[in-house]
Amino acid sequence: MVDDWSKPITVQEMYGDWDYEAAVELLDRSLNPRPSKAIFDTVEALGIGPGDTVLDIGGRDGGHGLLMAERFGCRVVSVDPAPANIADGLKRVAEHEHGESVEIKHGVIEDIPAGDNAFDLVFSRDMLNHVANQDRGLAECVRVLKPGGAMLVHEVFETDLMEPREAARLYADLATVPEMMAPGGFEQRAKNAGFAIESIDVVGSEWYEASQEAGIAPNYMMQISRLRRAKDELLAELGEVAYRTMLGNAMWSIYLFIGKLETRLYVLRLAA
Ligand SMILES: C[S@@+](CC[C@H](N)C(=O)[O-])C[C@H]1O[C@@H](n2cnc3c(N)ncnc32)[C@H](O)[C@@H]1O
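Residues numbered from 1 in each chain as written. Predicted model: local features only at pLDDT ≥ 70, side-chain atom pairs only at ≥ 80, totals over all residues. Heavy atoms only, no water.

**Quick look at the packing of aromatic side chains**
Phase 1: Inspection of the entire model under this criterion finds eight aromatic pairs.
Phase 2: Ring geometry for phenylalanine 40 and phenylalanine 123: centres 5.7 Å apart, planes at 10°, overall stacked. Of this pair, phenylalanine 40 sits in helix α3 (residues 39-45) while phenylalanine 123 is found in strand β4 (residues 119-125), placing the two residues 83 residues apart along the sequence.
Phase 3: Residue class for phenylalanine 123 comes out buried when judged on its relative accessible area of 0%.
Phase 4: The interplanar angle of 75° and the centroid separation of 6.5 Å between the aromatic rings of tyrosine 171 and tryptophan 252 together place this pair among those described as edge-to-face. Here tyrosine 171 is found in helix α7 (residues 164-173), whereas its partner tryptophan 252 is found in helix α12 (residues 240-257), with 81 residues between them in sequence.
Phase 5: According to the relative accessible area criterion, tyrosine 171 is buried, its value standing at 3%.
Phase 6: Here a set of aromatic residues connected by ring pairs shows up, and it is made of Phe157, Phe186 and Tyr266. (Phe/Tyr/Trp six-rings, centres within 6.5 Å; stacked < 30°, edge-to-face > 60°. Helix = DSSP H or I, 4+ residues; strand = E, 2+ residues; numbered from the N terminus. Buried < 20%, exposed > 50% of the residue type's maximum accessible area, 1.4 Å probe, protein only.)

What follows is the structure, given as structure tokens:
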């Protein structure tokens, strides 16, 4: 990492014998980052297909549930606590060709609205760091999974480049529980709940690189600059929650790009 160099660069070295244009050209080359939809290749590798039932916990508006129903022919129950997400999900499912395979339910991971051994897979994408009582949430996932079932967790974690003061500000803007941001803590809680860790894929900033390359991501830097420069006007127009969420979300993306946050994809497995 750049941050690990111990010897400062001198002025002579910095303006010395290296080719700036060649370096820019080199950095223009794609590293072929995996896009976010690559998560569904992992679902496929887990063997999900017709006859299987997936729980999308924190499933927002059922969008990922519909993608999985369409691609794998499985049934999906999408559970989310936010009334606006439930309303959007019910509408989306009603209008979708594969909507009959997706059930939208109101609920939380700490008290999953489903019976024991109901699911072949729990799909958890970017929701666990909202959950203060993760022990309880993971125990509920164990309860609703069939023996031998898997839980796929995509989550953002803090790296040792993150400084405490900036972390506190960022997490407060995004309803994120600071104590849930360390990967080691998560791994221990998963094991305590009864899961074995089958694989860990450090995705890092790949999804974000891919969406920048595809030209489908907002210009987060510009958003931050405008939110800061026109704070009073934008606060008045957006209101505090929207202002802070937009700022936090854009900052979150930048922290991912600069390695203070990283995403990881875990496959957790229950004993058969
Ligand atoms: C960042 S969004 C991710 C949504 C979706 N999984 C995705 O990847 O696009 C986080 C979601 O977690 C949900 N959530 C927050 N706390 C939750 C809880 N205790 N149990 C279940 N879902 C929760 C929120 O309502 C929100 O839809």
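**Looking at helix α5 (residues 83-95)**
Given 3.6 residues per turn, any residue in an α-helix points the same way as the ones three and four places further on.
Phase 1: Between its first and last C-alpha, α5 extends 19 Å over 13 residues, near the 18 Å set by a 1.5 Å rise per residue.
Phase 2: All of the buried residues in α5 are Asn85, Ile86, Gly89 and Val93. Buried residues in α5, looked at end-on, bunch into an arc of 95°, giving them a common side. Across α5 from its buried face, at more than 90 degrees, point the exposed residues Pro83, Ala84, Lys91, Ala94 and Glu95. (Expected span 1.5 Å × (residues − 1). Arc of directions from axis to C-beta.)

**Digging into the packing of helix α10 (residues 220-229) against helix α11 (residues 231-238)**
Phase 1: Contact geometry for α10 and α11: axes closest at 5 Å, N-to-C directions at 95°. By the criterion of interaxial angle, the relationship of α10 to α11 is roughly perpendicular. On α11, the residues touching Arg226, Leu227, Arg228 and Arg229 of α10 are Lys231, Leu234 and Leu238.
Phase 2: Class assignment for the residues of the contact of α10 with α11 results in three nonpolar, no polar and four charged. (Axes fitted to C-alpha atoms, helices over the stretch in contact; angles between N-to-C directions. Parallel < 35°, antiparallel > 145°, perpendicular 65-115°, else oblique. Contact = heavy atoms within 4.5 Å. Nonpolar A, V, L, I, M, F, W, Y, C, P; charged D, E, K, R; others polar.)

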